[in-house]
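Each chain is listed here by its residues.
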Amino acid sequence: MSYVDGFVVPVPKKNLAAYRRLANKMGKIWREYGALEYIEAAADDVKRGKHTSFPQSVKLKPSEIVVFSYIVYKSRAHRNKVNKQVMNDPRVKKACADMKAMPFDGKRMFWGGFKVIVNL
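As recorded in an unreviewed UniProt entry, the protein goes by the name DUF1428 domain-containing protein, listed as coming from Candidatus Berkiella aquae.

Put into structure tokens, the structure is as follows:
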């Protein structure tokens, strides 16, 4: 079975094009180091829930949109190897040098690694 890193991030609607450009650059780097898939998806049919939801999870503001992303790897060990290489890449270090210049609020972003249990 494979392994997945999942991310949820609030992005100001006015910054969505800049976020997409950044995601395209980052995705190419992840793929270059061996990630099997790199997906970034903007909310299209996502509603606030009564108890929890994607918008509530990031304290979404009216001027923002939720982006759900995931990266697929062969295994957790493969993910760790790829991420170590990515984080040491000078292009990534340069892009992440000034978090205030990012087109999203990284403080409200959350992520985690997941072991795939069903893949049809």
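### With respect to the pairing of strand E1 (residues 3-12)
Counting buried positions over the 10 residues of E1 gives 10, a clear majority of the element. Going residue by residue along E1, you find Tyr3, Asp5, Phe7, Val9 and Val11 tucked away on one face and Val4, Gly6, Val8, Pro10 and Pro12 tucked away on the opposite face as well. Pairing analysis gives 10 bridges linking E1 to strand E3 (residues 64-73), with the strands arranged antiparallel. If you follow Val11 over to E3, its bridge partner there is Ile65. Relative to strand E4 (residues 110-115), E1 runs antiparallel, the two being bridged by 6 bridges.

### Side note on the side chain of Asn83
Along the chain, Asn83 turns up in helix H3 (residues 76-88). Given the relative accessible area of 16%, Asn83 is considered buried. Only 3.2 Å separates the side chain of Asn83 from the side chain of Asp5, close enough to count as a polar contact. Look past the residues within four positions of Asn83 in its chain and what remains in contact with it is Asp5, Trp30 and Tyr73.

Procedures and definitions
Residues numbered from 1 in each chain as written. Predicted model: local features only at pLDDT ≥ 70, side-chain atom pairs only at ≥ 80, totals over all residues. Heavy atoms only, no water. Buried < 20%, exposed > 50% of the residue type's maximum accessible area, 1.4 Å probe, protein only. Helix = DSSP H or I, 4+ residues; strand = E, 2+ residues; numbered from the N terminus. Pairing = 2+ DSSP bridges. Polar contact = N/O pair within 3.5 Å; in protein donor to acceptor, adjacent residues only side chain to side chain. Contact = heavy atoms within 4.5 Å.

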